[in-house]
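Okay, here's what each chain looks like letter by letter:
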Amino acid sequence: MELQYSEIMIRYGELSTKGKNRMRFINKLRRNIQDVLAVYPEVKVTADRDRCHVFLNGAAYEPVAESLKHIFGIQAFNPVYRVAKDVAVLKTTVQEIMRDLYREGLTFKISSKRSDHHFELDSRELNHTLGSAVFEALPQITAQMKQPDVNLKVEIRDEAAYISHEEVKGAGGLPVGTAGKGMLMLSGGIDSPVAGFLALKRGVAIEAVHFASPPYTSPGALKKAHDLTRKLTKFGGNIQFIEVPFTEIQEEIKEKAPEAYLMTLTRRFMMRITDRIREEREGLVIVNGESLGQVASQTLESMQAINAVTTTPVIRPVVTMDKLEIIELAEKIDTFNISIQPFEDCCTIFAPDRPKTNPKIKNVEQYEKRMAVDELVERAVAGIKVTEITPKEDDEWDQMIEDLL
Ligand code: ATP
Ligand code: MG
């Protein structure tokens, strides 16, 4: 008999401390796990107050476990064997598991628990019987009650018996969505996906807002943002991708304002539009990848000029990080190699050589008076295109972009 894990039991993370919101948290986490595991159609997910159960139904354990390791809100999980409630079966199963794990000097213990009180052995008797079975199979093995190498947990429930011995550490954090929703300003660069990841970690669901300026920006730039968004789905499930038509605004800015102010004006429009989209879609905050001092445009003065168009809280998760720290995280979450693909986004193309490091609000407002700001913003908002991105590769979309490139 080849033993196969039948189920994965998930322990909740920080949310166990959240009192009466507990069920709301748990349901959110369950839905996130369902989204992420949707690529394994045979897998079923259920949740109760204490545990979430992932039933493999024949799916391979390893890839599912790999997916679970990324989902925020999971503290740890245990893969479990489900076996018949029969003493003889339990004995041969623990023997087989221990033979498989055995190496010289290995210590073990059996921790039984009986929630079906009609079962013929109580937990003490089970420990004894199954422990003896292990000694029978492996006479050299040592039992050890404190910190054994293997703690074989046996649970007798109404419907079956469950055996587990492995504990896998989860990603921690909070289930995505439990903190509310934010709009992530997602370029094709290195920083904004990392900012999105950090927001997700603290339970903020994100919708990705991406500004595209075709024909100045290529379908490749759009695909980059799309692919980056898909990378972010593995931490908590599907993400809405919002493409904003930005060409008209960039042309207007280019025509009406001096070169040194292009960057500031562009960013102010982006911020206004993102905020309008946030309002319509009931987000609570804006998240972006701004950081300090990497380029001349990333000064506090510049941040202030850009931020002046809204009172909505703007979360900047990477603002105090060094570029190398950001890159390290980007590599860890597997976005770095996408971000460095050479497709220019709208900012790069319209960026002046020497952006103003200290933009004057008075000047900025002067230039904006030359444009129909509100109408431009509303037209862009009316033109957005929303796509739901799932963890599953989107071959059709990829092919469409390939054809355009
Ligand atoms: P990133 O690596 O995220 O592109 P950056 O270091 O290049 O950031 P900037 O180009 O100054 O910094 O952009 C600052 C932030 O503005 C980005 O992190 C992103 O949140 C937002 N942003 C810039 N361009 C776009 C775009 N085309 N679509 C959406 N958001 C954008
Ligand atoms: Mg950039």
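Model, not experiment: these values are computed from the prediction.

**Student:** How should a negative patch on the surface be read in this particular structure?
**Tutor:** Judged by side-chain charge, D322, E325, E328 and E331 come together as a negatively charged surface patch. By secondary structure assignment, the location of E328 is in helix α10 (residues 323-332).

**Student:** Explanation requested: unusual backbone geometry in the structure shown.
**Tutor:** Peptide bonds are, in most cases, trans, and in most cases residues other than glycine have a negative phi. The omega torsion across P214 and P215 is 5°, close enough to zero to call that bond cis. With respect to the helices and strands, P215 occurs in the loop between β11 (204-212) and α6 (219-232). Although it is not a glycine, N57 adopts a positive phi angle of roughly 45°. Along the chain, N57 turns up in the loop between β3 (51-55) and α2 (61-68). One non-glycine residue with positive phi stands out, namely E282, at about 60°. Its location among the elements puts E282 in the loop between α8 (262-280) and β13 (285-287).

**Student:** Before we go on, may I ask you to explain the side chain of T312 in this structure?
**Tutor:** Along the chain, T312 falls in the loop between α9 (300-307) and β14 (314-315). Side-chain polar atoms of T312 contact the side chain of D275, separated by 2.8 Å. Of note is the side chain of T312, whose polar atom sits 3.4 Å from the side chain of R278. With residues near it in sequence (within four places) discarded, T312 still touches D275, R278, L284, V285 and I286.

**Student:** Got a minute to help me understand the site of ligand 1 in this structure?
**Tutor:** Residues in close proximity to ligand 1 total 19 residues, the closest being M185, S187, I190, D191 and S192. Within the side chain of D191, a nitrogen or oxygen atom sits 2.5 Å from an oxygen atom of ligand 1. One of the backbone nitrogen or oxygen atoms of F211 is found 3.0 Å away from a nitrogen atom of ligand 1. Taken by itself ligand 1 offers 580 Å² of open surface, and the protein chains cover 89% of this. Within the residue set of the shell around ligand 1, elements represented by two or more residues are α5 (191-201), β11, α8 and α12 (346-350).

**Student:** Which parts of the structure should I look at to understand the pairing of strand β2 (residues 44-47)?
**Tutor:** Strand residues, when the strand is regular, have side chains that alternate between the two faces of the sheet. Bridging between β2 and β3 involves four bridges; their strand directions are antiparallel. Among the inter-strand pairings, T46 is bridged to a residue of β3, identified as H53. The loop that links β2 with its antiparallel partner β3 comprises three residues.

**Student:** Any chance you could explain the domain arrangement of the protein here in plain terms?
**Tutor:** Much of the literature gives interface size as the accessible area that the parts lose upon coming together. As assigned here, the protein comprises domain 1 (7-171) and domain 2 (181-404). Relative placement of domain 1 and domain 2: their C-alpha centres are 43 Å apart. Counting from both sides, the interface comprises nine residues of domain 1 and, opposite them, twelve residues of domain 2. Regarding the contact of domain 1 and domain 2, the summed buried area is about 870 Å², with carbon and sulfur atoms giving 62% of it. Ranking the residues of domain 1 by area buried against domain 2 places D35, H70 and F72 at the top, with a combined share of 60%. The tally of links from domain 1 across to domain 2 stands at two residue pairs in polar contact (both at pLDDT 80 or more). The leading source of residues in the side of domain 1 that touches domain 2 is helix α1 (residues 22-36), at three residues. Among the residues making up the side of domain 1 that touches domain 2, the classes are represented as four nonpolar, three polar and two charged.

**Student:** When you look at the nonpolar core in this model, what are you seeing that I'm missing?
**Tutor:** The nonpolar side chains of soluble globular proteins are, as a tendency, buried together. I33, L68 and L90 are the most contacted members of the largest nonpolar core, which has 49 residues in total. Apart from residues lying up to four places away in sequence, L90 is in contact with V83, A84, F119, L126, L130, V154, I156, A161 and I163. Of all hydrophobic cores here, the second largest spans 35 residues; its members include V194, L200, I333 and I338.

**Student:** Quick question: what am I supposed to make of the sheet that holds β13 here?
**Tutor:** In a beta sheet, neighbouring strands pair by backbone hydrogen bonds and run either parallel or antiparallel. Read across the sheet, six strands follow the order β14-β13-β10-β11-β12-β15 without closing on themselves; strand pairing throughout is mixed. Edge strands, defined here as strands with exactly one partner in the open sheet, are β14 and β15 (385-389). When strand β10 (residues 180-185) meets β11, the two strands line up parallel, connected through six bridges. Bridge pairing in β11 links M183 to E207. Its contacts with the sheet place α5 against β10, β11 and β13, and it is angled at close to 160° to β11. On top of the sheet, α6 reaches β10, β11, β12 (239-245) and β15; it is set at about 160° to β12, its chief contact.

**Student:** Just checking my understanding: could you explain the environment of G73 for this structure?
**Tutor:** Residue placement: G73 occurs in the loop between α2 and β4 (74-83). The exposure class of G73 is buried, given its relative accessible area of 1%. A sequence separation of 41 residues divides G73 from N32, and the C-alpha atoms of the two residues are 9.7 Å apart.

**Student:** I'm lost on helix α15 (residues 395-404) in this one. Help?
**Tutor:** Helical periodicity: at 3.6 residues per turn, an α-helix aligns residues three or four positions apart in one direction. What α15 keeps buried is the set W397, D398 and I401. Buried residues along α15 cover an arc of 100° about the axis, so they all sit on one side. Facing away from the buried side of α15 by more than 90 degrees, the exposed set consists of D395, E396 and D403. Buried residues along α15 sit against α6.

Cut-offs used in this document
- Residues numbered from 1 in each chain as written.
- Chains lettered and ligands numbered in written order.
- Predicted model: local features only at pLDDT ≥ 70, side-chain atom pairs only at ≥ 80, totals over all residues.
- Heavy atoms only, no water.
- Patch = residues over 30% accessible without salt bridge, like charges linked within 9 Å, V, L, I, M, F, W, Y side chains within 5 Å.
- Areas by Shrake-Rupley, 256 points an atom, 1.4 Å probe, with all protein chains shown as cover.
- Salt bridge = Lys/Arg side-chain N within 4 Å of Asp/Glu carboxyl O.
- Lys, Arg positive; Asp, Glu negative; His and termini not counted.
- Charge placed at Lys NZ, Arg CZ, Asp CG, Glu CD.
- Helix = DSSP H or I, 4+ residues; strand = E, 2+ residues; numbered from the N terminus.
- Polar contact = N/O pair within 3.5 Å; in protein donor to acceptor, adjacent residues only side chain to side chain.
- Contact = heavy atoms within 4.5 Å.
- Near = heavy atom within 4 Å.
- Pairing = 2+ DSSP bridges.
- Domains from an automatic or database assignment.
- Buried area = accessible area lost by both parts, 1.4 Å probe.
- Nonpolar A, V, L, I, M, F, W, Y, C, P; charged D, E, K, R; others polar.
- Core = buried A, V, L, I, M, F, W, Y, C linked by side-chain atoms within 4.5 Å.
- Buried < 20%, exposed > 50% of the residue type's maximum accessible area, 1.4 Å probe, protein only.
- Axes fitted to C-alpha atoms, helices over the stretch in contact; angles between N-to-C directions.
- Arc of directions from axis to C-beta.

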